[in-house]
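# Chains, contacts and geometry: an overview
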Amino acid sequence: MSDQAIVTRLRDRPALLDPVVGWIDEEWAEYSGRSLQQTRERFASELDSGASQLPCTLVATLGDQPAGVLSLREQDSTDYDPGKLPWICNVYVPASCRGKGIASALCLAGEAVAKAMGFDAIYLANEHGEASLYGAIDYRVYKAYGDERGAQQLMSKNLS
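On a predicted model such as this, the values are computed, not experimentally measured, just so you know.

### Description of the side chain of threonine 61
Within the secondary structure, threonine 61 is located in strand 2 (residues 56-62). If sequence neighbours within four positions are ignored, threonine 61 has contacts with Gln4, Ala5, Ile6, Arg13, Leu16, Pro66 and Ala67.

Okay, structure coming up:
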């Protein structure tokens, strides 16, 4: 197995749909309220989407093994800041693949896709702000957000 992650669009690796859906369901189903089948339908709908459309899910592989996922969407599960897009969400790397730079590689690939789609900035929300991996790759907090689920730091990165 190669130690170098390869990042591609999910639509180019449809065989990875089920592992990706499994990760998303396991990690966020309680939060999203979606069933496994609803999550599968949501991601399967991207397999036939155009190259310049949101949503767009990227998958990382190590060798032939799935190693992580990231989605670009018009909004995160919460519309934190209406009118700003695209949003990085669903970033997940299985425990066995962590510490290998996969999340960073996914984010950088997501930035390239967003820029190719014509966006001049990209957004995300997390609990840790600039003390996170996102801060390490130059995302900056521009606004704090809080609701019944807790506090989030809204971050952005200029792509121009």
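### Thoughts on the packing of aromatic side chains
Each aromatic ring pair is characterised by the separation of its centres together with the angle its planes make. For the coordinates displayed, the defined rule picks out 7 aromatic pairs. Centroid distance tyrosine 134 to tyrosine 139: 6.2 Å. Interplanar angle 80 degrees. Geometry classified as edge-to-face. For tyrosine 134, a relative accessible area of 12% puts it in the buried group. Tyrosine 139 gets classed as buried once you look at its relative accessible area, which sits at 0%. Linked through ring pairs, Tyr80, Trp87, Tyr123, Tyr142 and Tyr145 together constitute an aromatic cluster. In this arrangement the basic side chain of arginine 73 is found over the ring face of phenylalanine 43, its NZ or CZ atom lying 5.1 Å from the centre.

### So, the pairing of strand 2
Most of strand 2 is tucked away, with 7 of its 7 residues classed as buried. Neither face of strand 2 is left uncovered, since the one carrying Cys56, Leu58, Ala60 and Leu62 and the one carrying Thr57, Val59 and Thr61 both have all their residues buried. Inspection of the sheet shows strand 1 (residues 6-9) paired to strand 2 by 4 bridges, in the antiparallel sense. Each residue of the ladder has a partner; that of isoleucine 6, found in strand 2, is threonine 61. In the sheet, strand 2 pairs with strand 3 (residues 65-73) via 7 bridges, with the strands oriented antiparallel. Among the inter-strand pairings, alanine 60 is bridged to a residue of strand 3, identified as glycine 68. Hairpin geometry of strand 2 and strand 3 is characterised by an intervening segment of 2 residues between the two adjacent antiparallel strands and by a positive phi of about 65 degrees at glycine 63.

### Focus: the nonpolar core
Ranked by size, the top nonpolar core spans 27 residues in total, and within it Leu70, Leu72, Ile88, Ile102 and Tyr139 carry the most contacts. Taken together, the elements giving at least two residues each to this core come down to strand 2, strand 3, strand 4 (87-92), helix 3 (102-116) and strand 5 (121-126). Per-element tally for this core: the top contributor is helix 3, with 6 residues. Leu16, Val21, Phe43 and Val59 belong to the second largest nonpolar core, which has 11 residues in total.

### A look at helix 3
Counted at 1.5 Å a residue, the expected span for helix 3 with its 15 residues is 21 Å, and the 21 Å between its end C-alpha atoms agrees. Within helix 3, burial applies to Ile102, Ala103, Leu106, Cys107, Gly110, Glu111, Val113 and Ala114. Glycine 118 lies just past helix 3 and shows a positive phi near 100 degrees.

### Remarks on the pattern of salt bridges
All told, the structure shown has 4 salt bridges when counted by the stated rule. One salt bridge in this structure joins arginine 40 and aspartate 18, with 2.8 Å as the shortest N-O distance. Of this pair, arginine 40 sits in helix 2 (residues 36-44) while aspartate 18 sits in helix 1 (residues 17-32), and the two are 22 residues apart along the sequence. Look at aspartate 18 and you get partly exposed, because its relative accessible area is 47%. Across the pair arginine 73 and glutamate 46 runs a salt bridge whose closest N-O atoms are separated by 3.4 Å. Of this pair, arginine 73 sits in strand 3 while glutamate 46 sits in the loop between helix 2 and strand 2, and the two are 27 residues apart along the sequence.

Calculation notes
Residues numbered from 1 in each chain as written. Predicted model: local features only at pLDDT ≥ 70, side-chain atom pairs only at ≥ 80, totals over all residues. Heavy atoms only, no water. Helix = DSSP H or I, 4+ residues; strand = E, 2+ residues; numbered from the N terminus. Contact = heavy atoms within 4.5 Å. Phe/Tyr/Trp six-rings, centres within 6.5 Å; stacked < 30°, edge-to-face > 60°. Buried < 20%, exposed > 50% of the residue type's maximum accessible area, 1.4 Å probe, protein only. Lys NZ or Arg CZ within 6 Å of the ring centre and 35° of its normal. Pairing = 2+ DSSP bridges. Core = buried A, V, L, I, M, F, W, Y, C linked by side-chain atoms within 4.5 Å. Expected span 1.5 Å × (residues − 1). Salt bridge = Lys/Arg side-chain N within 4 Å of Asp/Glu carboxyl O.

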